[in-house]
Amino acid sequence: MRDASPQTVYLKDYTPPEYLIDQIELHFELDEQRTRVQARMNVRRNPHSSADSVALKLWGEELQLLSIAIDGRPLQENEFVVGDEALIVHEAPQDRPFELLIENLIDPQANTALEGLYLSSSMLCTQCEAQGFRKITWFLDRPDVMSRFKTTLVADKAKYPVLLSNGNKTGSGELENNRHWVSWEDPFAKPCYLFALVAGQLACVADQFVTMNGRRIDLQIFVEQHNVDKCGHAMQSLKNAMRWDEQSYGLEYDLDLYMIVAVDHFNMGAMENKGLNVFNTKFVLARPDTATDSDYEHIEGVIGHEYFHNWSGNRVTCRDWFQLSLKEGFTVFRDQQFSGDMTSPAVKRIEDVNALRTRQFAEDAGPLAHPVRPEAYIEINNFYTLTVYEKGAEVVRMLHTLLGAAGFRKGCDLYFQRHDGQAVTCEDFVKALEDANGVELGQFRRWYSQAGTPVVTVEQDYDAANGRLQLTLRQSCPPTPNQPVKQPLHIPVKLGLLNADGSPTTFEFAGERHSEVTLDLTAAEQSFSFGNLAGKPVVSLLRGFSAPVTLQMPRSLDELAFLLSHDSDTFNRWEAGQQLATQAIFQLIDSIELDRPLQLEPVVVDAYRRVLADAGGDLSYQALLLALPEESYLSGQMPVIDVEAVHQAREFVKKTLAENLTEQFLELYRQYHRDESGCFDAGAVGRRRLKNTCLSYLSKLETPDSHRLAEQQFRAARNMTDQIAALAAIVNSHHPDQADCLDSFYRQWQQEALVIDKWFTLQATSSMPNTFAKVQNLMRHPAFDMKTPNRVRALVGAFSQSNPLHFHAANGEGYRFLADRVIELNALNPQIASRMVSGLAQWRRYDANRQSLMKQELQRIVATDHLSKDVYEIASKSLA
Ligand code: 7MF
Ligand code: ZN
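Basis of the calculations
- Residues numbered from 1 in each chain as written.
- Chains lettered and ligands numbered in written order.
- Predicted model: local features only at pLDDT ≥ 70, side-chain atom pairs only at ≥ 80, totals over all residues.
- Heavy atoms only, no water.
- UniProt positions renumbered as here; feature names shortened; annotations may be inferred.
- Helix = DSSP H or I, 4+ residues; strand = E, 2+ residues; numbered from the N terminus.
- Rg over C-alpha atoms; globule rule 2.2 N^0.38 Å.
- Buried < 20%, exposed > 50% of the residue type's maximum accessible area, 1.4 Å probe, protein only.
- Areas by Shrake-Rupley, 256 points an atom, 1.4 Å probe, with all protein chains shown as cover.
- Near = heavy atom within 4 Å.
- Polar contact = N/O pair within 3.5 Å; in protein donor to acceptor, adjacent residues only side chain to side chain.
- Nonpolar A, V, L, I, M, F, W, Y, C, P; charged D, E, K, R; others polar.
- Domains from an automatic or database assignment.
- Contact = heavy atoms within 4.5 Å.
- Buried area = accessible area lost by both parts, 1.4 Å probe.
- Donors = N, O, S within 2.8 Å, 3.2 Å for Na, K, Ca; no water.
- Expected span 1.5 Å × (residues − 1).
- Pairing = 2+ DSSP bridges.
- Axes fitted to C-alpha atoms, helices over the stretch in contact; angles between N-to-C directions.
- Core = buried A, V, L, I, M, F, W, Y, C linked by side-chain atoms within 4.5 Å.
- Salt bridge = Lys/Arg side-chain N within 4 Å of Asp/Glu carboxyl O.
- Phe/Tyr/Trp six-rings, centres within 6.5 Å; stacked < 30°, edge-to-face > 60°.
- Lys NZ or Arg CZ within 6 Å of the ring centre and 35° of its normal.
- Parallel < 35°, antiparallel > 145°, perpendicular 65-115°, else oblique.
- Arc of directions from axis to C-beta.

Where an unreviewed UniProt entry is consulted, the protein chain appears under the name Aminopeptidase N, with the organism given as Methylomonas koyamae. Under Cofactor (unreviewed entry), UniProt gives the following word-for-word description of the protein chain: "Zn(2+)". Under Function (unreviewed entry), UniProt gives the following word-for-word description of the protein chain: "Aminopeptidase N is involved in the degradation of intracellular peptides generated by protein breakdown during normal growth as well as in response to nutrient starvation."

A tally of regular secondary structure across the protein chain gives 26 helices and 35 strands. Computed over its C-alpha atoms, the radius of gyration of the protein chain comes to 28 Å, within 12% of the 29 Å expected for a compact globule of 880 residues. Principal axes of the C-alpha set define a box for the protein chain whose edges measure 85 × 65 × 60 Å. For the protein chain, the residues scored as buried account for 60% of the 880 residues in total. With the model as given, the accessible surface of the protein chain reaches about 34,000 Å², and the carbon-plus-sulfur share is 48%.

The immediate surroundings of ligand 1 are formed by 13 residues, with E129, E272, E306, E328 and Y389 found nearest. With respect to ligand 1, the side chain of H309 contributes an N or O atom lying 3.3 Å from an oxygen atom. Between ligand 1 and E328, the relevant distance is 2.8 Å, taken from an oxygen atom to a side-chain nitrogen or oxygen of the residue. Starting from 460 Å² of accessible surface for ligand 1 in isolation, the protein chains cover 83%. Broken down by element, the shell around ligand 1 gets its largest block of residues, three residues, from helix 2 (residues 293-308). Grouping the amino acids of the shell around ligand 1 by side-chain chemistry returns six nonpolar, two polar and five charged. Inspection of the shell around ligand 1 shows a minimum of three residues originating in each of domain 2 (210-215 + 225-314) and domain 3 (326-546).

Interface size is often expressed as the accessible area that is lost when the parts come together. Domain assignment breaks the protein chain into domain 1 (1-201), domain 2 (210-215 + 225-314), domain 3 (326-546), domain 4 (553-701) and domain 5 (751-879). Averaged C-alpha coordinates put domain 2 and domain 5 at centres separated by 31 Å. On the side of domain 5, twelve residues touch domain 2, which itself brings 14 residues to the contact. When domain 2 packs against domain 5, the two sides together hide about 950 Å² of surface, and 43% of this comes from carbon and sulfur.

Ideal values for angles at a metal depend on the geometry: 109.5 degrees with four tetrahedral donors, 90 or 180 degrees with six octahedral donors. Taken together, the protein ligands of the zinc ion (ligand 2) are H305 (NE2), H309 (NE2) and E328 (OE), with distances of 1.9 to 2.1 Å. Sequence spacing of the donors to the zinc ion (ligand 2): H-x3-H-x18-E. Here H309 is found in the loop between helix 2 and strand 23 (317-318), whereas its partner E328 is found in helix 3 (residues 324-342), with 19 residues between them in sequence. H309 gets classed as buried once you look at its relative accessible area, which sits at 0%. A residue is classified by how much of its surface remains accessible, and E328, at 1% relative accessible area, is buried.

Under the local residue numbering, the UniProt record ascribes the feature "domain: Peptidase M1 membrane alanine aminopeptidase" (unreviewed entry) to residues 234-446. Strand forms 9% of residues 234-446 and helix 55%; the C-alpha atoms that close the span are 38 Å apart.

Under the UniProt annotation, the feature "domain: Peptidase M1 alanyl aminopeptidase Ig-like fold" (unreviewed entry) is placed at residues 452-553. For residues 452-553, helix accounts for 0% and strand for 51%, while the C-alpha atoms at its two ends are 19 Å apart.

Quick reminder: α-helices carry 3.6 residues per turn. Residues three or four places apart thus point the same way. In this model helix 18 (residues 738-749) runs 17 Å from its N-terminal to its C-terminal C-alpha over twelve residues, within 8% of the 16 Å that 1.5 Å per residue would give. Within helix 18, burial applies to Q738, C741, L742, S744, F745, Y746 and W749. The inward-facing, buried residues of helix 18 abut helix 16 (704-716), helix 17 (720-731), helix 19 (753-764) and helix 20 (771-779).

Before going further, it helps to examine the sheet that holds strand 27 (residues 468-476). Taking strand neighbours across the sheet as the criterion, the four strands line up as 33-27-26-35 in an open arrangement whose pairing is mixed. Two strands lie at the open edges of the sheet, namely strand 33 (525-530) and strand 35 (550-552), each paired on one side alone. In this sheet, neighbouring strand axes are inclined to one another by 25 degrees on average, regardless of whether the strands run parallel or antiparallel. Across six bridges, strand 27 lies against strand 33 in antiparallel orientation. Paired with R474 across the two strands is E525, which belongs to strand 33.

As a further point, take the nonpolar core. In terms of nonpolar packing, the biggest core is built from 282 residues, with L30, L100, F133, F408, F429, L495 and F530 touching the most fellow members. When residues of this core are assigned to their parent elements, the largest contribution, 13 residues, is made by helix 5 (residues 386-419). Leaving out residues up to four positions away in the same chain, F133 has contacts with I24, L26, C128, F139, D141, F149, C192 and F195.

Tallied over the full model, the rule gives 64 salt bridges. Close ionic contact of E434 with R445 constitutes a salt bridge, the shortest N to O distance being 2.8 Å. With E434 in helix 6 (residues 426-437) and R445 in the loop between helix 6 and helix 7 (446-449), the pair connects residues that are eleven residues apart, well separated along the chain. The class for E434 is buried, based on a relative accessible area of 8%. In this structure, the salt-bridge partner of E525 is R474, at a minimum N-O distance of 3.2 Å. Note that E525 is positioned in strand 33 and R474 in strand 27, a separation of 51 residues in sequence. Through salt bridges with shared partners, one network takes in D229, K230, R287, D289 and E752.

Time to look at the sheet that holds strand 22 (residues 276-280). One open sheet holds the five strands; their spatial order is 18-19-20-22-21, and the pairing between them is mixed. Looking along the sheet, the strands with just one partner apiece sit at the ends: strand 18 (203-210) and strand 21 (270-271). The sheet contact formed by strand 19 (residues 216-223) and strand 20 (residues 257-263) spans five bridges and is parallel. Bridge pairing in strand 20 links F222 to V261.

This paragraph deals with the packing of aromatic side chains. The tally for this structure, following the rule as stated, stands at 44 aromatic pairs. Relative to F416, the ring of W311 lies with its centre 5.8 Å away and its plane at 80 degrees, an arrangement referred to as edge-to-face. In this pair, W311 sits in the loop between helix 2 and strand 23 while F416 sits in helix 5, placing the two residues 105 residues apart along the sequence. Under the relative-accessibility criterion, W311 is labelled buried at 11%. The ring of Y10 carries the charged tip of K12 above its face, separated from the ring centre by 4.3 Å. Its end group placed over the ring of F188, K274 keeps NZ or CZ at 4.3 Å from the ring centre.

Another aspect to go through is the packing of helix 3 against helix 5. In the contact formed by helix 3 and helix 5, the axes pass within 8 Å of each other and the chain directions differ by 80 degrees. In terms of axis orientation, helix 3 runs roughly perpendicular to helix 5. In contact with L324, S325, L326, E328, G329, F330, V332, F333, Q336 and Q337 of helix 3, helix 5 contributes V388, Y389, E390, G392, A393, V396, R397, H400, F408, C412, Y415 and F416. A breakdown of the residues in the contact of helix 3 with helix 5 according to their chemical character gives 13 nonpolar, six polar and three charged.

Turning our attention to the environment of Q776. Within the element layout of this structure, Q776 appears in helix 20. Spatially, the C-alpha atoms of Q776 and A729 are 22 Å apart, while their sequence positions differ by 47 residues.

What follows deals with helix 14 (residues 662-672). Among the residues of helix 14, those classed as buried are F665, L666, L668, Y669 and Y672. Take helix 14 and look down its axis: the buried residues cluster within an arc of 165 degrees, on one side only. Residues E663, E667 and R670 are exposed on helix 14 and point more than 90 degrees away from its buried face. Looking at the buried positions of helix 14, the neighbouring elements they touch are helix 10 (602-613), helix 11 (619-626), helix 13 (643-660), helix 15 (682-698) and helix 16.

Right, dumping it as structure tokens:
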């Protein structure tokens, strides 16, 4: 059990800070085990606070106090008190600003939680979002306290030749005992969660960027020496992002220096610290032989994301952590737009929606469902969720749809201008969009406060005599924790109509002629009428996935095949194919459960034959059309998830398509299989994606030919995309040389941590028998390490979150394994531990036997001694 029952923090309890800290001068004497911190702070009473207490409470955790003084006078023991979470000065000066000086010690080496100041490989670095600064020194650790930072770093010159912090370098020098110092000053006031320091033996890859106003910015990427040859793509992505933000939002970079540091040990993807981003190496390092095309795309997206935060997050920040989506939802929307513009908007949109529907919809339907702007938390680190990020981005996208691109831009301009230098709320964002456009978005605000995925149903009524179609849309939203009853939302529903021959048709709506229209669905039930129709049209609804809802619109397999061939909306064309496959798979699941022979409808095979023959020339898009819905997406549609039937039915479809269309798959494979390693233009990426999709189908044939095809590609590949795709085909089939291929891959790449992560993940996600035993063996592999989050995610995370078949083994071994790992990780790294619990959170979706096995493991976790707030919150809410 926990030592004490943890406190819940509520949005409704927000009050402005009682004190402000306008400036802080930090002085660090860096050392692995004894880092000495001196913080000199200019503190004053906040004129906007109505509180009348004279005490000053500063947050601080795991710190050793050396001294505390106000205006140069050391405080007596009875003038303050130090607790586990805070330091309280009983009587702070009220009538004047004062200087508070605190000195303390920290132990970076003992810090396995990777929050605050910690050691990664031989580098010292920090992570302060959300509340890590309090592990560096006592402070008003809340985002609405913004301070100007001056930082001096002192360290051994040989061990830590490079010393970095936010802003501009203002001085450096030598000291005795082989020590040196560097000082930094950030001219922009910022919340302490954006503070960063890095010290280590780092090589620097440098470039420059000239802004739209002709200012020259130095760009620097710091990595370990052996990685300098893997920074080119990150640097190019950074320059692309800087140009894109100027062109799309009119936003220019504001310091003279932009630094990125890549570290091996990192709890998350990356962090937008002002002028000094810290990245997980996974989102920086890439070379054609070590990184896949999808790694390249992720790097571009994450570099963009962190860069875009400089305005959406740093210049305008969050008032409190309940407003997290203000910066995260908006910045994800911006990085999605950016990635789409750099590659293909159609492909990017499909990938984003696919991720949203498989993962965020599950969160919204489970025990951890919460609004985009949560109302309560125990541990804020648990609220960096798919809902805050991905659904938050959908909410911003809907605003973009409702206002149009130009109106949205006007609103953003006003938002940045009005709130520059402030800590604000989601409400302030919506208000700026309203004011700039002279519109009212009252009902729309419910998207921020109401959890759950709305369901929209459709009824069609065609009047042939008058050429009119009436659509009746109904919306509802299932209950979520603490929100049993829902109000109707303002849902933008984009619609187009198709003629019987597949061509698009114009139509009359609200007195005007349209080829496409966005309906404002605001009531629980609402009818819309479309006229001037030559015949009964086929309705293409929710184009581009214009709102994050579940659309229920029963269609025949024939109608879906028709839309898959003809819909001019690229998203809905793909969606028709997904629904076609989904329906086919569910028919098979029924047959499996009734013990009937399996048979795939010919209309499905024909539809895939047509997609193989031609999809309009965009090969990445063609590959997406060919990809079957994932098992997790299919499971999300079932009242009671049957993991084995889902797997078996999906495999059957894949194999049947491969058998019926072998020649077509082979022909496409041969057409696009060429050696063009090192090329990352859309053409080459598309060829690889399509070719490897074909390989994945062909490997289901399990013939000597199909085995040879995969092995040839594996042995000859000179780029990671082709090598890993071939190895995946080998690992997920009964390939005779599987063990040998895995061994040779390990030997080839043992020096490249990020490639070895892939090696762990491939084995952890295999659907082949014996996977669980292999996972247990891999836990004992010398390259496995519980203190490296990337490794834990690659093995434990991949097995529990991406291997439904084996993780949900009916005997409960997967669940027991995961709970053991969570309990182990809880003592090392609570954030990572808590992320791993999610594999058990969806227990209500399974059969009674699995439910009780999963619940048992959650109960075992909750009963653990010294349970962190992080794990306690997720495990206990999952059980509730
Ligand atoms: C792209 O949001 C999308 C999301 C917090 C850490 C990065 O910039 C961030 C940080 C978490 C989860 C996802 C992302 C980030 C974090 C992320 C990164 C790139 N402020 Br936790
Ligand atoms: Zn972010």
